[in-house]
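So you can see what is in the structure, the chains are spelled out below.
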Amino acid sequence: MPLPIPDLDTKNFDDYFEEARAALPTLAPEWTDYNLSDPGTTLLELFAWLSDINTYRLNRIDQKHILKYLKLLDAMPEIVKPAKTWITFQSDVAKVISKGTELFAKDREDNTSIAFVTQYEVSLQQIKLTQINMKNERGMLEYKEPFSEPFSKLFYPFGQITKKGHYFELNFDGTFNFDGTFNNDFSLTFIFYEDDLPLIAHHDKEQAVVFASAELVWEYWDGSAWQGLTIKEDGTGSFSHSGTIYFNKKTNVSKIKCKIQEGYFENAPRIQTILTNTTEAIQIEKHQESFENRGTGLPKQTLQLKAFPLVSLEEIKIEIEIENEVWQEAKTLEICGHNQKVFHVDKTSGLITFGDGVHGEIPPLNATITCTYATSMGTKGNIVANLAWSGAVIPAQNYFPARGGKDPQTIEEAYVAFKKDFKTPYQAVIARDFEYLAMHTPGLRVARAKTVKHPSDNMVEVIVVPFSSQKLIYPSEGFLKTVCYHLDKHRLITTKVKAIPPQYAFISIKTELKMEENESEKDVRKKVKEALDLFLDPILGWKDSQGWPFGHTVYKSAIYALLEELEGVDCVLELDISAKGAYERYEQGNVILKQNALTSPYRHNISIFTSQEACRSTL
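Reference entry: report on the structure contained in this document. (Residues numbered from 1 in each chain as written. Predicted model: local features only at pLDDT ≥ 70, side-chain atom pairs only at ≥ 80, totals over all residues. Heavy atoms only, no water.)

### Brief notes about the sheet that holds strand β24 (residues 389–390)
No. 1: Strand order in the open sheet formed by six strands is β24-β3-β4-β16-β1-β25, with antiparallel pairing between adjacent strands. Unpaired on one side and paired on the other, β24 and β25 (396–397) mark the two borders of the sheet.
No. 2: Pairing geometry for strand β1 (residues 84–89) and β25, over two bridges, is antiparallel. Bridge pairing links Phe89 to Ala396 in β25. (Pairing = 2+ DSSP bridges. Helix = DSSP H or I, 4+ residues; strand = E, 2+ residues; numbered from the N terminus.)

Right, here's the structure in full:
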């Protein structure tokens, strides 16, 4: 609940005047003439009058005024966002589920029906996945599961370290059927596990333009050789997120291969399940209302819809038909001409407003007005998995919960969001702007960014470090191209930008430790190695767990302090640091890194001694 708006208009002209005159002996002791004839008193009266008027006006500012200001600033409250989920149909017969099919999930709490609508057409196939063969850094592997539901464990289709030439094969118990029943292509839905990864970045409402990190090639086995398989639409973005891949028709398809042709993945894809007969569904409910003979012929006529809040999507428009003519929705009526058949709708309250004859045409007298629209339940549409479904003639199942549903923003929330957005960089001028924009490249997970000097005056280079679970974190060409594309849209007109990969100094620690009594040598060794690896990690390292500072020297004193604070370690007897890669020199046992280089843990040599070794004195 928002805080109540305080009443500002609690004083009148006399109050302001008397307060000001009472302060004169303290603020202006030389002023002694308080008569109304004194020119100074006249000024006090003027200021008291202005204060009274301004306070009166400020006190009359309400939510309508704030909404108008937000509208002028193009910062209107966001409308309801519908949830989305994956619907899998279980069919033993050939059938096509068309786009826009309505389904209803039964809510377990209040037993109400929650409407969903299919986003794409899907051809139901009498075919099941039986086995997956993979070739990666571990060699040839076979993967077998009860593929009728999400897998019991995650698997890496290209291995945990993805490289060119790695592939996986999907084997089915039959062939995809194209006997004339279907007019569309067959599809497979890939669900990836990403719950332990940071959210994909965004920058205001910009659409993500992502250049794939890895180039994938799809093939099918025709019985004697592998043949090329053409993709009609790739909803996964080359395995960068969950989605459905639509393939062009091919006969006798029972085995499919996907291979990395070029590049690699910063984060190796982890498949949670592969589904057939699946499409995405969005939580909306369609409505149609008819207002018979409701045209008043008067300016600014309004109509109240029964259901709200409304959604407005690319494929689902709000439509109004008057006297067999379709009127168009307008964001605002103020910019419309007198003969334009338009209307404005408040999607949160469901109130429709027509023009006044100057800005937008007036509906005719006694006209019948028909409105077609869709509503969403917002956060209530984020249903759990495995609910009971009705509405379709084919049994349906949602193996995964619905996500993404949000309620409409309140005016207060929109105002707070605007103030936050007001401080967001959109034009890259200084180094910090380039780093922020690189970190917020839409569609990517950028862990760190650093702007570096370049000999050319108008060239800016930005080091980008992708978030990755791998030890060696290098961005692919597609990753760098995506960052550069985003920076290019926000640079100054004469500035050139370039995204570059980081340099690493691979740090090895050789140390001799004395452990405390009653400690396990194995546990202490493991604890020391994990602490060193984490401290030197380029993303999660250093004292603040925000990553090793660019170009910061690796000091022996810092390693000493780290190890001696560990539980189970009594003291550090000897310590030596060695490095490979992007370092300049050794200095008094410390490692001086190259400018803007990062550390990466390498091989450590840890020797642990028992109590017969003496620690150095602390006196």
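Alright, that's what it looks like, and here's the rest.
### With respect to the pairing of strand β27 (residues 459–466)
No. 1: Among the eight residues in β27, seven count as buried, and that is most of the element.
No. 2: By the bridge criterion, six bridges tie strand β26 (residues 446–452) to β27 in an arrangement that is antiparallel. Its bridge partner lying in β27, Arg448 is registered against Val465.
No. 3: If you look at the hairpin formed by β26 and β27, you'll find six residues sitting between the two strands.
No. 4: Bridge count for β27 against strand β28 (residues 496–500) is five bridges, and the pairing is parallel. (Buried < 20%, exposed > 50% of the residue type's maximum accessible area, 1.4 Å probe, protein only.)

### With respect to the nonpolar core
No. 1: Ile132, Phe168, Phe190, Trp218 and Phe239 are the most contacted members of the largest nonpolar core, which has 31 residues in total.
No. 2: Of all the elements in the fold, those that place two or more residues in this core are β6 (129–136), β8 (167–172), β9 (186–192), β10 (214–221), β13 (243–247), β14 (255–263) and β15 (271–275).
No. 3: Contacts of Trp218, omitting those with residues within four sequence positions, involve Phe168, Phe190, Gln227, Gly228, Leu229, Ile231, Phe239, Ile245, Phe247, Ile256, Lys257 and Cys258.
No. 4: Residues Val528, Leu575, Leu593 and Ile608 belong to the second largest nonpolar core, which totals 30 residues. (Core = buried A, V, L, I, M, F, W, Y, C linked by side-chain atoms within 4.5 Å. Contact = heavy atoms within 4.5 Å.)

### Describing the sheet that holds strand β17 (residues 285–291)
Paired through their backbone hydrogen bonds, the strands of a sheet run either parallel or antiparallel.
No. 1: In spatial order, the strands read β17-β23-β19-β20-β21-β22-β18; together these seven strands make up an open sheet with mixed pairing. Each edge of the sheet is formed by a strand with only one pairing partner; in this case those strands are β17 and β18 (302–304). Taken pair by pair, the neighbouring strands of this sheet meet at an average axis angle of 25°, ignoring direction. (Axes fitted to C-alpha atoms, helices over the stretch in contact; angles between N-to-C directions.)

### Focus on the pairing of β13
No. 1: With respect to burial, β13 is a largely interior element, five of its five residues being buried.
No. 2: Across the two faces of β13 the burial is the same, with Gly243, Ile245 and Phe247 and Thr244 and Tyr246 all buried.
No. 3: Note that β9 and β13 share five bridges and pair antiparallel. Counted as the bridge partner of Ser187 is Tyr246 from β13.

### A few points about a nonpolar patch on the surface
No. 1: Among the surface-exposed residues, Leu8, Leu58, Ile61, Tyr69, Leu72 and Leu73 lie close enough to one another that they form a single nonpolar patch of about 590 Å² accessible area.
No. 2: Here Ile61 lies in the loop between α3 (39–59) and α4 (63–72).
No. 3: We classify Ile61 as partly exposed; its relative accessible area is 31%. (Patch = residues over 30% accessible without salt bridge, like charges linked within 9 Å, V, L, I, M, F, W, Y side chains within 5 Å. Areas by Shrake-Rupley, 256 points an atom, 1.4 Å probe, with all protein chains shown as cover. Salt bridge = Lys/Arg side-chain N within 4 Å of Asp/Glu carboxyl O.)

### Brief notes about helix α7 (residues 477–490)
No. 1: Its 14 residues give α7 an end-to-end C-alpha distance of 21 Å, which sits within 8% of 20 Å, the value for a rise of 1.5 Å per residue.
No. 2: Of the positions making up α7, those classed as buried are Gly478, Phe479, Leu480, Thr482, Val483, His486, Leu487 and His490.
No. 3: On the buried face of α7, the contacting elements are α6 (431–439), β26, β27 and β28. (Expected span 1.5 Å × (residues − 1).)

### Points about the side chain of Lys347
No. 1: Tracing the backbone through its elements, the reader meets Lys347 in the loop between β21 (342–346) and β22 (351–354).
No. 2: In this structure Lys347 comes out as buried when scored by relative accessible area, which is 14%.
No. 3: One polar contact links Lys347 to Glu329, side chain to side chain, over a distance of 2.5 Å. (Polar contact = N/O pair within 3.5 Å; in protein donor to acceptor, adjacent residues only side chain to side chain.)

### Quick word on the side chain of Ser476
No. 1: Note on placement: Ser476 falls in the loop between β27 and α7.
No. 2: Owing to a relative accessible area of 2%, Ser476 belongs among the buried residues under this scheme.
No. 3: Ignoring anything within four residues of it in the chain, the contact list for Ser476 reads Ser213, Tyr264 and Glu266.

### Observations concerning the pattern of salt bridges
When the charged atoms of two side chains lie near each other, side chains of opposite charge can form a pair.
No. 1: Counted by the stated rule, this structure contains 18 salt bridges.
No. 2: Glu334 is the salt-bridge partner of Lys71, the closest N and O atoms lying 3.8 Å from each other. Highlighted residues: Lys71 in helix α4 and Glu334 in the loop between β20 (325–329) and β21, separated in sequence by 263 residues.
No. 3: Residue classification places Lys71 among the partly exposed residues on the basis of a relative accessible area of 31%.
No. 4: Notably, a salt bridge pairs Lys81 with Glu78, separated by 3.4 Å at the nearest N-O pair.

### Regarding the packing of helix α1 (residues 13–22) against α3
Between two packed helices, the angle of one axis relative to the other and the distance separating the axes together describe the packing.
No. 1: At their nearest, the axes of α1 and α3 sit 8 Å apart, and the two run at 135° to each other. Between α1 and α3, the angle is such that the two are oblique. Our pair here, α1 against α3, has a crossing hand that is right-handed. Contacts from Phe13, Tyr16, Phe17, Ala20 and Arg21 of α1 reach α3 at Thr41, Leu44, Glu45, Ala48, Trp49, Ser51, Asp52 and Thr55.
No. 2: For the contact of α1 with α3, the per-class residue count stands at seven nonpolar, three polar and three charged. (Parallel < 35°, antiparallel > 145°, perpendicular 65-115°, else oblique. Left-handed = near helix turned anticlockwise from the far one by under 90°. Nonpolar A, V, L, I, M, F, W, Y, C, P; charged D, E, K, R; others polar.)

### Let's talk about α4
No. 1: Between a side-chain oxygen at the N-terminus of α4 and the backbone nitrogen of Lys64 the separation is 3.1 Å; the capping residue is Asp62.
No. 2: Where α4 ends, the next residue or the one after it, Asp74, has phi of about 55°, a positive value.

### Examining the packing of α4 against helix α5 (residues 411–422)
No. 1: At their nearest, the axes of α4 and α5 sit 10 Å apart, and the two run at 40° to each other. Viewed along their axes, α4 and α5 adopt a mutual orientation that is oblique. Both α4 and α5 take part in a crossing whose hand is left-handed. Listed contacts from α5 to Gln63, Ile66, Leu67 and Leu70 of α4 are Ile411, Glu412, Ala414, Tyr415 and Phe418.

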